[in-house]
Amino acid sequence: CFCLELNKKLVGFMFCEQFDYAKGKYLWLAEFAIVPKEQGKGFGKQALKFIENFAKENKFNILYLVANKKEKAYKIYQKQGFKNTNQFFMEKELK
């Protein structure tokens, strides 16, 4: 877990998990959020660069995240080099 701070105030966080899969060692960016009033100031872009460097330094092959095409962050991820895959998440509610 990584926290993003500005002047000792939390502006965002990233929660990551690692796993091995088809292309090797994956770092999954499972949760990533920037405080709403701090969005649009470049913190997300800086955080993505940080986590990419962290992944490279720790010999991960793939940086992976799940994004909703309807969210504005989706375009930010694309600008940072993330590409669509043919995988989709599915869920089933258990009652």
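Please refer to the structure higher up on the page.
Position numbers for residues start from 1 in each chain and track the written sequence from start to end. Under the rules for a predicted model, residues below a pLDDT of 70 receive no local features and side-chain atom pairs below 80 are neither given nor counted, while totals for whole chains, interfaces and linings still include all residues. Only hydrogens and water are set aside when side-chain values are computed; all heavy atoms of the structure are taken into account.

Caption draft 1: Main features of the pairing of strand β4 (residues 62-65). As defined by bridge partners, strand β3 (residues 24-34) adjoins β4 across four bridges and the pair is classed as parallel. The residue bridging Tyr 26 from the neighbouring strand is Ile 62, located in β4. In terms of handedness, the path from β3 via helix α1 (residues 43-57) over to β4 forms a crossover that is right-handed. Paired strands, as defined in this entry, are two strands with at least two bridges between them according to DSSP. Under the scheme used here, helices are H or I runs from DSSP no shorter than 4 residues and strands are E runs no shorter than 2 residues, and both carry numbers assigned from the N terminus. For crossovers, right-handed means that the path from the first strand over the helix to the second runs clockwise, given strands pointing away from the viewer.

Caption draft 2: Structural detail: the pattern of salt bridges. The working definition used for a salt bridge is a side-chain nitrogen of Lys or Arg within 4 Å of a carboxyl oxygen of Asp or Glu. All told, the structure shown has two salt bridges when counted by the stated rule. Lys 41 serves as the salt-bridge partner of Glu 38, at 3.0 Å between the closest nitrogen and oxygen. For Lys 56, the salt bridge identified is with Glu 52, shortest N-O distance 3.2 Å. Here the residue Lys 56 and the residue Glu 52 both occupy positions in helix α1, the gap between them amounting to four residues, near one helical turn.

Caption draft 3: Spatial organisation of the nonpolar core. Leu 4, Met 14, Leu 27, Leu 29, Ile 51 and Phe 82 are the most contacted members of the largest nonpolar core, which totals 17 residues. Within the residue set of this core, elements represented by two or more residues are β2 (9-21), β3, α1 and β4. By residue number, the principal contributor to this core is α1, which donates five residues. Here, residues are in contact when the closest pair of their heavy atoms is within 4.5 Å. When residues no more than four places from it in sequence are discounted, the contact partners of Leu 29 are Met 14, Phe 15, Cys 16, Leu 48, Tyr 64 and Leu 65. Throughout this description, the term nonpolar core refers to a set of buried Ala, Val, Leu, Ile, Met, Phe, Trp, Tyr and Cys residues connected via side-chain atoms within 4.5 Å. Note on classification: 1.4 Å probe, protein chains only; a residue is buried when its accessible area is under 20% of the maximum for its type, exposed when over 50%, partly exposed between these limits.

Caption draft 4: Quick look at the state of the cysteines. Cysteine sulfur atoms that come within 2.5 Å of each other are treated as a disulfide pair. Under the definition given, this model contains zero disulfides. The closest cysteine sulfur to the non-disulfide-bonded Cys 1 is located on Cys 3, 4.8 Å from its own sulfur. Judged by its relative accessible area of 54%, Cys 3 is exposed.

Caption draft 5: Focus on the sheet that holds β2. Taken in spatial order, the four strands of this open sheet run β1-β2-β3-β4, and their pairing is mixed. In this open sheet, the two strands that pair with only one neighbour each are β1 (2-6) and β4. The mean inter-strand angle of the sheet, taken between neighbouring strand axes irrespective of direction, is 30°. For helices, the axis comes from a line fit to the C-alpha atoms of the stretch in contact; other axes are also lines fit to C-alpha atoms, and the angle between any two N-to-C directions lies between 0 and 180 degrees. The sheet strands contacting α1 are β1, β2, β3 and β4, and the helix crosses β3 at an angle near 160°.

Caption draft 6: Geometry of the pairing of β3. Two elements, β2 and β3, share ten bridges in a ladder whose sense is antiparallel. By the bridge assignment, Gln 18 is partnered in β3 with Leu 27. In this structure, the hairpin formed by β2 and β3 is closed by a connection of two residues.

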